[in-house]
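So the chains spell out like this:
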Amino acid sequence: MTKKRRIAVLTGGGDCPGLNAVIRAVVKTAVAGELEVLGVTNGFAGLVEDWFRPLGDAEVSGILPRGGTILGTTNRDNPFHYPVENGGVCAYRDESERVLANLKRHNVEGLIVIGGDGSLKIATLLSAKGIPLVGVPKTIDNDIPHTERTFGFDTAAMVATEALDRLHTTAESHHRVMVLEVMGRYAGWIALHAGIAGGAHCILIPEIPYELAKVAEHVRQRAAKGKPFSIVVVAEGAKPVGGALTIARRVEGSFESIRLGGIGEKLAGQLEDMTGMEARCTVLGHVQRGGTPTSYDRVLSTRYGVAAVEAYLRGERGVMVALQENRIVTVPLSCVADQPSNVPVEGELVRVARSVGVVFGNE
Ligand code: F6P
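Cut-offs and rules
Residues numbered from 1 in each chain as written. Predicted model: local features only at pLDDT ≥ 70, side-chain atom pairs only at ≥ 80, totals over all residues. Heavy atoms only, no water. Helix = DSSP H or I, 4+ residues; strand = E, 2+ residues; numbered from the N terminus. Rg over C-alpha atoms; globule rule 2.2 N^0.38 Å. Buried < 20%, exposed > 50% of the residue type's maximum accessible area, 1.4 Å probe, protein only. Contact = heavy atoms within 4.5 Å. Core = buried A, V, L, I, M, F, W, Y, C linked by side-chain atoms within 4.5 Å. Domains from an automatic or database assignment. Phe/Tyr/Trp six-rings, centres within 6.5 Å; stacked < 30°, edge-to-face > 60°. Lys NZ or Arg CZ within 6 Å of the ring centre and 35° of its normal. Pairing = 2+ DSSP bridges. Axes fitted to C-alpha atoms, helices over the stretch in contact; angles between N-to-C directions. Near = heavy atom within 4 Å. Polar contact = N/O pair within 3.5 Å; in protein donor to acceptor, adjacent residues only side chain to side chain. Areas by Shrake-Rupley, 256 points an atom, 1.4 Å probe, with all protein chains shown as cover. 1 Å grid on protein atoms, 1.4 Å probe; cavity = no way out; pocket = protein on both sides within 12 Å on 5 of 7 lines; lining within 4 Å. Sits in = over half its atoms within 2 Å of the grid points. Nonpolar A, V, L, I, M, F, W, Y, C, P; charged D, E, K, R; others polar. Salt bridge = Lys/Arg side-chain N within 4 Å of Asp/Glu carboxyl O. Buried area = accessible area lost by both parts, 1.4 Å probe. Points joined across faces, edges and corners; volume = space filled by probe spheres on them.

(A) Representation of the overall build of the protein chain within the structure. When its secondary structure is counted, the protein chain shows eleven helices and 15 strands. For the protein chain, the C-alpha radius of gyration of 22 Å lies close to 21 Å, the compact-globule estimate for 363 residues. Taking the principal axes of its C-alpha atoms as reference, the protein chain extends roughly 80 × 50 × 35 Å. The buried share of the protein chain, taken over its 363 residues, is 53%. Here the analysis covers contacts within the protein chain between residues at least 6 apart in sequence; of these, 72% occur between residues at least 24 apart.

Okay, structure coming up:
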């Protein structure tokens, strides 16, 4: 029997619904053919620290609907800027040579990296070092360029939509302004999709800086017309015209150290002061990233996993699988560094929202 070629798969950055579905598709497609697969534990840290384990049909059985990642992940560890302790002092060093040595030791000829923009930028650097590599775009934020969808987004938007449905009943019963803060980093995709699907009255996104007075006026006008309640969805990266981002914390060592958060609470207080109506804030947080993926995300994750292995077997290197016009294609991995995918301010979805009466705070 001929010896099989070997690849490894890792998940990097924040967890996201659909990671396990991608891992499963990668493993099933690979082992059915001429490859065997090792899983790397805890993302890029595992590549440096030599944390590898075999993945076969048994290991991926039953994981399709499971949230999180069976491999573990971290959003701090970058092999090119890796924390090394020396005499009780932590310093950052380029440890990428350790990655090459570990891959060689395990006879791993190539890598599938499942990650968001930070992880895929690291993957681009590893690819430039000669590691045959295919990337898979993951993030609930849907902000990776050159792909119409990242897996995980649909689930996050669905969770936020369900939350809005529930907030509606409280808003109506208590005559309150209910503010829902959702994730998305510097992109307003989750807020926009959930806001439209959940019938929000105001949607505040990073791409359209808002004027507080206009948001308050809309809330007041609704009350004057006999609707003394309003639902406001605010993306964590939204900011007022001329104002700054609301930052919750900084995570040292993370590829992108800023963590956004807090705009919802601020906004609820301001709206209460300006309208005289009781206003409450709900921060959805990591609930959007946890749990089982929607069927759309399961299908997309499976398509991506299969396509990543197929691209690898075709000899494509340094590429990312992507969705364009609902077809799976590959694009150069280095494209991840291009302008992130943001909500087009003049796009159809914003126009549709405005047509059904949604206010973005700039009109
Ligand atoms: O990129 C995914 C994401 O959930 C963003 O929407 C959010 O800003 C960030 O990650 C939160 O990161 P952490 O899990 O480190 O708090």
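(B) A look at the nonpolar core. Membership of the largest hydrophobic core comes to 64 residues, with the highest contact counts inside it found for Ile 23, Ile 112, Ile 114, Val 136, Phe 151 and Phe 360. The greatest single-element share of this core, amounting to nine residues, is contributed by helix H6 (residues 153–174). When residues are assigned to domains, this core turns out to be shared by domain 1 (5–151 + 292–335) and domain 2 (155–290 + 344–355), each giving three or more. The next biggest cluster of nonpolar side chains, apart from the first, holds 30 residues, and it includes Val 40, Ala 45, Leu 103 and Leu 133.

(C) A look at the packing of aromatic side chains. Using the criterion set out here, one finds zero aromatic pairs in the structure. Across the ring face of Phe 229, the terminal group of Arg 222 is positioned such that the distance to the ring centre comes to 5.0 Å. Of note, Arg 317 hangs over the ring of Tyr 312, and the distance from its end group to the ring centre comes to 4.0 Å.

(D) Molecular detail of the sheet that holds strand E14 (residues 319–324). Here we have seven strands laid out as an open sheet, ordered E3-E2-E1-E6-E7-E14-E15, and mixed in their pairing. Each end of this open sheet is capped by a strand with a single partner; those strands are strand E3 (52–55) and strand E15 (327–332). Each neighbouring strand pair of the sheet contributes to a mean axis angle of 30°, computed without reference to strand direction. Pairing geometry for strand E1 (residues 5–11) and strand E6 (residues 110–115), over five bridges, is parallel.

(E) Focus on unusual backbone geometry. The phi torsion at His 175 lies on the positive side, around 55°, for a residue other than glycine. Considering the arrangement of structural elements, one finds His 175 in the loop between H6 and strand E8 (177–182). Residue Asn 326 is not a glycine yet carries a positive backbone phi of 65°.

(F) The arrangement of the site of the ligand in detail. Taken together, the residues surrounding the ligand are Asn 75, Thr 139, Ile 140, Asp 141, Met 183, Gly 184, Arg 185, Glu 236, Arg 259, His 286 and Arg 289. Residue Asp 141 places a side-chain N or O atom 2.6 Å away from an oxygen atom belonging to the ligand. Take Arg 259: an N or O atom from its side chain is 2.6 Å from an oxygen atom of the ligand. Coverage of the ligand by the protein amounts to 79% of the 400 Å² it exposes when considered alone. According to the grid-proximity analysis, the pocket containing the ligand is the largest pocket. Class assignment for the residues of the shell around the ligand results in two nonpolar, four polar and five charged. When residues of the shell around the ligand are sorted by domain, at least three fall in each of domain 1 (5–151 + 292–335) and domain 2 (155–290 + 344–355).

(G) Up close: the pattern of salt bridges. Here the structure, examined in full by the defined rule, presents 20 salt bridges. A salt bridge links Glu 34 to Arg 5; the nearest nitrogen and oxygen atoms lie 2.7 Å apart. One end of the pair, Glu 34, is in the loop between helix H1 (19–32) and strand E2 (35–40); the other, Arg 5, is in strand E1, with 29 residues separating them in the sequence. Where Glu 217 meets Arg 220, a salt bridge forms, and the shortest distance between an N and an O atom there is 2.6 Å. In this pair, Glu 217 and Arg 220 both sit in helix H8 (residues 212–224), three residues apart, roughly one turn of the helix. Salt bridges linked by common partners bring Asp 117, Lys 121, Asp 141, Asp 143 and Arg 185 together as one network.

(H) View of the domain arrangement of the protein chain. Assigned domains of the protein chain: these are domain 1 (5–151 + 292–335) and domain 2 (155–290 + 344–355). Measuring from the centre of the C-alpha atoms in domain 1 to the corresponding centre in domain 2 gives 32 Å. Taken together, the contacts link 21 residues of domain 1 with 19 residues of domain 2. Summed over both sides, the interface of domain 1 with domain 2 buries roughly 1,700 Å², with 50% coming from carbon and sulfur. It is Arg 76, Ile 140 and Asp 141 in domain 1 that bury the most area against domain 2; as a group they hold 32% of the surface buried on that side.

(I) Spatial organisation of the layout of surface pockets. As a volume, the largest pocket reaches approximately 950 Å³. Lining the largest pocket are 44 residues, and of these Gly 14, Asn 75, Arg 185, Arg 259 and Arg 289 lie nearest its centre. Contributing elements (two or more residues each) for the lining of the largest pocket: helix H5 (117–128), E8, strand E11 (247–250) and strand E12 (258–260). Examining the composition of the lining of the largest pocket, we find that five residues originate from one element, H5, more than from any other.

(J) The arrangement of the sheet that holds strand E9 (residues 202–204) in detail. Spatially, four strands are ordered E9-E10-E8-E13 in an open sheet, and the strand pairing comes out parallel. What marks the edges here is a single partner per strand, and that holds for E9 and strand E13 (279–283). For this sheet, the mean inter-axis angle between neighbouring strands, taken without regard to orientation, is 20°. Across the face of the sheet, helix H9 (residues 263–275) comes into contact with E8, E9, strand E10 (230–235) and E13 while running at roughly 160° to E8.

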